[in-house]
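Structural characterization, general
Given next are the chains, with one letter for each unit.
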Amino acid sequence: MLTNDFLGESVGRLGFGAMRLPVVDGDQSKIDQAQLDAMVDAALEAGVNYFDTAYPYHANMSEAALGKSLARHPRESFFLATKYPGHQISDTYDPAAIFEEQLRKCGVDHFDFYLLHNVYENSINTYMDPKWGILDYFIQQKKAGRIRHLGFSSHGRVKNLREFLDFGARKYAELEAEDPSVAAMFAGCNVMEFCQIQLNYLDATLQRAAEKTQILTDLEIPIVVMEPLRGGNLANLPDSEMSRLAALRPDASAAEWSFRWLQGIEQVKVILSGMSDLKQVEENCRTFANAAPLTEAEEGELLDVAEALKGGVPCTACRYCVDSCPQQIDIPMMLASYNDLQYQSSFTIGMQMDAVPEGQRAQDCIDCRACKRMCPQGIDIPTVLSELADQLDKMPKWADLCKQREEAAAAARG
C-alpha cells in the first residue's frame, strides 16, 4: 500500500469512506455488518488504515457499524475519522452531546482525526459563532487527548474556504497568546490542521478545486480527498472517452485513471473511496499497491476527457454582467452552478443556493436582458437563470433533509 506522512502518522493513501456501505434490502439504515466486516478485514490486510465516517451517514448508523467492525482489530492498527454535523440546519447546536455520543457509538476513547463537517456558505457562521462555542469545545478535546488531529471538510466555494482558513489562523494566534502550550499541539499556524475537499480531474476546473488545492498547498495544510470518482460517475465513462484513455493504458480502468491523477498531487495525503462491496475494496487496493504516475501526455489526455464531459455555457467569469444587473445577482456563480448541474445533480448546489440572499437568486431575474447585451460570450443569461431556477425548484430542500436526519438520529438513539 502506498503511504504518506500525514501529520506525523504513516497513513495509507487509500482511505475507506463509510458513506456508501453495503445495506440490506436497499434500506440505508440497515448496514450489512457481515459484508462490512469482510471489507474492513480485506482493507486492513492490504494496508488501508484510515477510516472515515460521519454522524449522519446511513441514517445515523454508519459510525456504530464501522466502530463495531473495527473493534475486532487492535486500536493502534487503524486511524478513525468522523465529523461534527454543524452544517445541518438546526435550532441549536450542542457539540459536547454529539461528541460523547460519537465516542460511544464508535466504541473508542479518542478520534485520530476529527472534522467540522462541511464548512460552506450557510454553515460557516454557525461554526464561527461564539454562542455555540463549537471550535473552542473541540480545541479543548484535542487538549484532553480525545482528538489527535482537528480539521474540517468543505463543499464551499473558494472565497468561503479562504474565510474559514483565516478564522482558523486567528484562533491559532489567540491560542498562542493565551496558552502557547496548547497552540504547540497544532501543526502549523492554524487550528485547522487538515482539510477535506471534493477533488477529481473534472472538479479541478468545474468546481475550482485546483484553486482550493493551491490555497491549501500554499498554507501547507494537508488535503484529504472526497468524491474522487464523483459519486461513481468517473468510474463509468462514456465509451468514446474511455477508448481515448485505453489507447494509452489498455489495462487501466476509469477509476484507476482518477486515482492515478490524484496520486500525483503532493499535498493530497489520503484519497477516500466510498466502497460498497468487497470487489471494490480489492480493486482499489490493487491500484494503491504501487506507484504508476501519469505521464504528461496521459494527464493532458485525461484533462481533455474532463472538458468533453462538461456541458453548460462558456462563462469566463469576466463579471461584466454583474455590473449591469439591477438585482445584483452573482451571475458567474449562478452559471457555474448551472454547468455543474448539467453533469450531475448534486444537493450541495442546493445547499449553496440557500445561502444566497433573497432577491439575488436565479428566480429573482427580472429578464431585463442587460446582462445578455454585456456578455462577450453571447450567453442567453436570463434563459439560463430561468432553467437553473427550475432545476433548483425540483431538487430536495436541504432544510427538509436536515429535518429527516434529525429524526433518524433520534430514532437511532432510541
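Definitions and limits used
Residues numbered from 1 in each chain as written. Predicted model: local features only at pLDDT ≥ 70, side-chain atom pairs only at ≥ 80, totals over all residues. Heavy atoms only, no water. Helix = DSSP H or I, 4+ residues; strand = E, 2+ residues; numbered from the N terminus. Rg over C-alpha atoms; globule rule 2.2 N^0.38 Å. Buried < 20%, exposed > 50% of the residue type's maximum accessible area, 1.4 Å probe, protein only. Contact = heavy atoms within 4.5 Å. Areas by Shrake-Rupley, 256 points an atom, 1.4 Å probe, with all protein chains shown as cover. Lys, Arg positive; Asp, Glu negative; His and termini not counted. Charge placed at Lys NZ, Arg CZ, Asp CG, Glu CD. Pairing = 2+ DSSP bridges. Axes fitted to C-alpha atoms, helices over the stretch in contact; angles between N-to-C directions. Salt bridge = Lys/Arg side-chain N within 4 Å of Asp/Glu carboxyl O.

1. Quick look at the overall build of the protein chain
When you go through the protein chain residue by residue, the secondary structure sums to 20 helices and twelve strands. In terms of overall size, the protein chain behaves like a compact globule, its C-alpha atoms giving a radius of gyration of 22 Å where 414 residues would be expected to give roughly 22 Å. Out of the 414 residues in the protein chain, the part that is buried amounts to 53%. Partitioning the intrachain contacts of the protein chain with sequence separation of at least 6 by distance along the chain shows that 76% fall at a separation of at least 24. In the form shown here, the protein chain has an accessible surface area of approximately 17900 Å², with 49% of it arising from carbon and sulfur atoms. Treating the 39 positive side-chain charges of the protein chain as one cloud and the 60 negative ones as another, the clouds have centres 2 Å apart.

2. Side note on the environment of A144
Along the chain, A144 falls in the loop between α6 (134–143) and β9 (147–154). Judged by its relative accessible area of 56%, A144 falls in the exposed class. Separated by 133 residues in sequence, A144 and D277 have C-alpha atoms that sit 37 Å apart.

3. Details of the sheet that holds strand β11 (residues 223–226)
Here we have eight strands rolled up into a closed barrel, ordered β3-β6-β7-β8-β9-β10-β11-β12, and parallel in their pairing. Each strand axis lies, on average, 30° off the axis of its neighbour in the sheet, ignoring direction. Taken together, the two bridges between strand β3 (residues 14–17) and strand β6 (residues 50–52) define a ladder with parallel strand orientation. Counted as the bridge partner of G17 is D52 from β6. Together, β10 (194–198) and β11 form the strand contacts of helix α10 (residues 209–218), whose direction differs from that of β10 by roughly 170°.

4. Description of the pattern of salt bridges
Counted by the stated rule, this structure contains 27 salt bridges. R72 is paired through a salt bridge with D37; the nearest N and O atoms lie 3.7 Å apart. On the criterion of sequence distance, the pair formed by R72 in the loop between α3 (62–70) and β7 (79–84) and D37 in helix α1 (residues 33–46) is long-range, its members being 35 residues apart. A relative accessible area of 40% means that R72 is categorised as partly exposed. As a salt-bridge pair, R75 and D112 come within 2.9 Å of each other at their nearest N and O atoms. Residue R75 is located in the loop between α3 and β7, and its partner D112 is located in strand β8 (residues 111–116); the two are separated by 37 residues in the primary sequence.

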